[in-house]
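What follows is the residue order along each chain.
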Amino acid sequence: MKKCPLCGQQFEEGTMCPSCGILLIDMDTNQAVTPESGKKKIRKKKQEKEEKAEKEADTANTEWDTEPLFTPETSKKSESSRESSRSFTVSPILVIMAAVIVVLIAVLIFVIVRMGSGSDPEPVAQPDRLSVAGMEAQEDSSAQDEVDLSAVDINAYEESYVTVTGEVVEESGTLLFVFDTPHNIYLYDDYEDTGVVEMSVSRAMVSADSVIDLNAYVGRGMTLDCSLAKDDGTIMLTAVNIVSAEPAQDNTGIHQYKVVVEDCTWEQARQRSADQGGYLLRISSAEEYNYIVDMLNSGSYKSTHFYLGGRRDASGTEYYWVDEENNFMGDCLNQGGSWTGSYWYPDEPSFYDTGSDASGSIDEDVMNLFCVSGTWYLNDSASDLAGLYPSLLSGKVGYIIEFE
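Residues numbered from 1 in each chain as written. Predicted model: local features only at pLDDT ≥ 70, side-chain atom pairs only at ≥ 80, totals over all residues. Heavy atoms only, no water.

(A) Quick peek at the overall build of the protein chain. If you tally the helices and strands in the protein chain, you get 9 helices and 20 strands. Here the protein chain holds 404 residues, and 31% of them are scored as buried. Within the protein chain, contacts between residues separated by at least 24 positions form 60% of all contacts whose residues are at least 6 apart in sequence. In the structure as shown, the protein chain presents an accessible area of about 25600 Å², 52% of it carried by carbon and sulfur atoms. (Helix = DSSP H or I, 4+ residues; strand = E, 2+ residues; numbered from the N terminus. Buried < 20%, exposed > 50% of the residue type's maximum accessible area, 1.4 Å probe, protein only. Contact = heavy atoms within 4.5 Å. Areas by Shrake-Rupley, 256 points an atom, 1.4 Å probe, with all protein chains shown as cover.)

(B) Local environment of the sheet that holds strand β2 (residues 10-11). The sheet built from 4 strands is open, its strands ordered β2-β1-β3-β4 with antiparallel pairing. Among the strands making up the open sheet, the edge pair consists of β2 and β4 (31-32). Sheet topology note: the strand β1 (residues 2-3)/strand β3 (residues 25-26) ladder contains 2 bridges and is antiparallel. Within β3, the residue paired with Lys 3 across the bridge is Ile 25. (Pairing = 2+ DSSP bridges.)

(C) Structural view of the pattern of salt bridges. The final tally for this structure, using the stated rule, is 5 salt bridges. Its salt-bridge partner being Lys 230, residue Glu 198 comes within 2.7 Å of it at the nearest N-O pair. One end of the pair, Glu 198, is in strand β8 (residues 194-206); the other, Lys 230, is in strand β9 (residues 221-231), with 32 residues separating them in the sequence. Residue Arg 272 pairs with Glu 262 through a salt bridge whose shortest N-O separation is 2.6 Å. Remark: Glu 262 occurs in the loop between β11 (256-261) and α6 (266-275) and Arg 272 occurs in helix α6; sequence separation between them is 10 residues. The class of Glu 262 is partly exposed, set by a relative accessible area of 28%. (Salt bridge = Lys/Arg side-chain N within 4 Å of Asp/Glu carboxyl O.)

(D) Molecular detail of a negative patch on the surface. Taken together, the side chains of Glu 167, Asp 180, Glu 246 and Asp 331 present a region of like negative charge at the surface. Mapping Glu 167 onto the fold places it in strand β6 (residues 162-171). (Patch = residues over 30% accessible without salt bridge, like charges linked within 9 Å, V, L, I, M, F, W, Y side chains within 5 Å. Lys, Arg positive; Asp, Glu negative; His and termini not counted. Charge placed at Lys NZ, Arg CZ, Asp CG, Glu CD.)

(E) Main features of unusual backbone geometry. With omega at 5°, the peptide bond leading from Glu 348 into Pro 349 counts as cis. By the secondary structure assignment, Pro 349 is in the loop between β15 (328-329) and β16 (352-353). Backbone geometry at Ser 200 places phi at a positive 50°, although glycine is not the residue there. Within the fold, Ser 200 resides in strand β8. The exposure class assigned to Ser 200 is exposed, which follows from its relative accessible area of 53%. For Asp 232, which is not a glycine, the phi torsion comes out positive at approximately 55°. Its location among the elements puts Asp 232 in the loop between β9 and β10 (234-245).

(F) Examining a nonpolar patch on the surface more closely. Residues Val 103, Val 107, Phe 110, Val 111 and Met 115 make up a contiguous nonpolar surface patch of roughly 510 Å² in combined accessible area. Inspection of the secondary structure assignment puts Val 103 in helix α4 (residues 92-117).

(G) Structural context of the pairing of strand β18 (residues 366-372). Across the 7 residues of β18, 6 count as buried, placing the element largely inside the fold. Across 3 bridges, the pairing between strand β13 (residues 305-311) and β18 is antiparallel. Directly across from Phe 306, in β18, lies its bridge partner Leu 369. Sheet topology places β18 next to strand β19 (residues 375-381); 7 bridges connect them, and they run antiparallel. In the sheet register, Met 367 faces β19, and the bridge partner there is Asp 380.

(H) The packing of aromatic side chains, seen in detail. Counted under the stated rule, the structure contains 13 aromatic pairs. Ring centres 6.3 Å apart and planes at 65° place the aromatic pair Tyr 289 and Trp 339 in the edge-to-face group. With Tyr 289 in helix α7 (residues 286-298) and Trp 339 in the loop between β15 and β16, this residue pair connects regions lying 50 residues apart in the sequence. Judged by its relative accessible area of 3%, Tyr 289 falls in the buried class. Among the residues examined, Trp 339 registers a relative accessible area of 25% and is labelled partly exposed. Members of the aromatic cluster, connected to one another through ring pairs, are Tyr 289, Trp 339 and Tyr 343. Against the face of Tyr 279 rests Arg 282, its NZ or CZ located 3.8 Å from the ring centre. (Phe/Tyr/Trp six-rings, centres within 6.5 Å; stacked < 30°, edge-to-face > 60°. Lys NZ or Arg CZ within 6 Å of the ring centre and 35° of its normal.)

(I) Seen up close, the nonpolar core. Membership of the largest hydrophobic core comes to 23 residues, with the highest contact counts inside it found for Val 164, Phe 177, Leu 214, Leu 224, Leu 228 and Leu 237. Counting residues per element, the ones that place at least two in this core are β6, β7 (174-189), β8, β9 and β10. In terms of residue count, β7 provides more of this core than any other element does, 5 residues in total. Those residues within four positions of Val 164 in sequence are excluded, and the remaining contacts are Ile 154, Phe 177, Phe 179, Met 222, Thr 223, Leu 224, Cys 226 and Leu 237. Within the second largest apolar cluster, 21 residues are counted, among which are Ile 283, Leu 369, Cys 371 and Leu 378. (Core = buried A, V, L, I, M, F, W, Y, C linked by side-chain atoms within 4.5 Å.)

(J) Inspection of the confidence of the model for the protein chain at higher detail. Scored by pLDDT, the protein chain has a mean of 82; 77% of the residues are at 70 or more. Taken element by element, the predicted model of the protein chain shows its lowest mean pLDDT in helix α2 (residues 72-75) (48) and its highest in β13 (98). This model gives residues 63-72 a pLDDT under 50, and the stretch forms 1 contact once residues within four places in sequence are excluded. Low pLDDT, under 50, characterises residues 74-78; the stretch is placed with 3 contacts to residues that sit more than four places away or in other chains. (pLDDT = per-residue confidence, 0-100.)

Structure follows, in structure tokens:
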């Protein structure tokens, strides 16, 4: 309804008051009515009617499956009502549910197909017979290369050189190296052309290709660097370096001797002995010691100090006999259970001298044999007795050459 704001008359139609000639007021909105707003209101009412009709149609469509198809009431409907009941609108929710079901079914089919064919490899080009044979040979070779090294304690196959300890022996003209303890050795076998494990190996033949000549070490314990291999069924040792070796043992027994009285140094005495085909005396047993003492007593040498073929290192305190190259040999002569223990002069070796005619402290680093009150003793002395004690020992120095 609309009314005039001046005269208060109410009207159902129109926008102007016929009496006052001014715009009417819409009583619903309390706003002035214009031709355009009137049209909007008409359109709004029309839209409301259409929406109401659609809702009634939807209600009818959702109830069609629960009602009998033919009832007295439906038979009375007009033809247009029956046509409307046959057409219905699909709900969006039903559409979404149907789509989800279709997708799930597709995924299930895909999974089933993959499970049935997943273990089958894709077809590949078939290799020729030569390629297959090569692959099998390579697999066989790899299997052979797998060697159990759990019990191996010397790996001479993968290492260029290994360190071993033992003794050099000679049997029937063959030089052998006998290990201190048997070893399980992984080494190269030239016959098999591969690495093999040899268990409880106690000895190896010394190869002629050794860098070190082990003939000079027969009967001596030693530690050396070497290579090990199996050659024609025999384990061969090639020595490349001596880590350590026991000194050579003196050839014991009574030999031939030459007594020389000459003022000289210890080194000169050693060299002159070698020049004459012998070596500076090495006394190897009590028996030989007594033989030498009897020889000197019979020759009236009791006032002479004789150089012996024994010395110590400048920084050491152990005396040893020396070989022709001035290298230590045998056992220590002033320690342990050496047979020489009772033949040293009291409180000797002293390693240096501060008394007698010495000026200051003089190193005593070589061995000599001298007589005191009719008894011969082992002693350590300076290497130049006549030069350091001229007034005391000039003309009383000598040495003994030993010949085998």
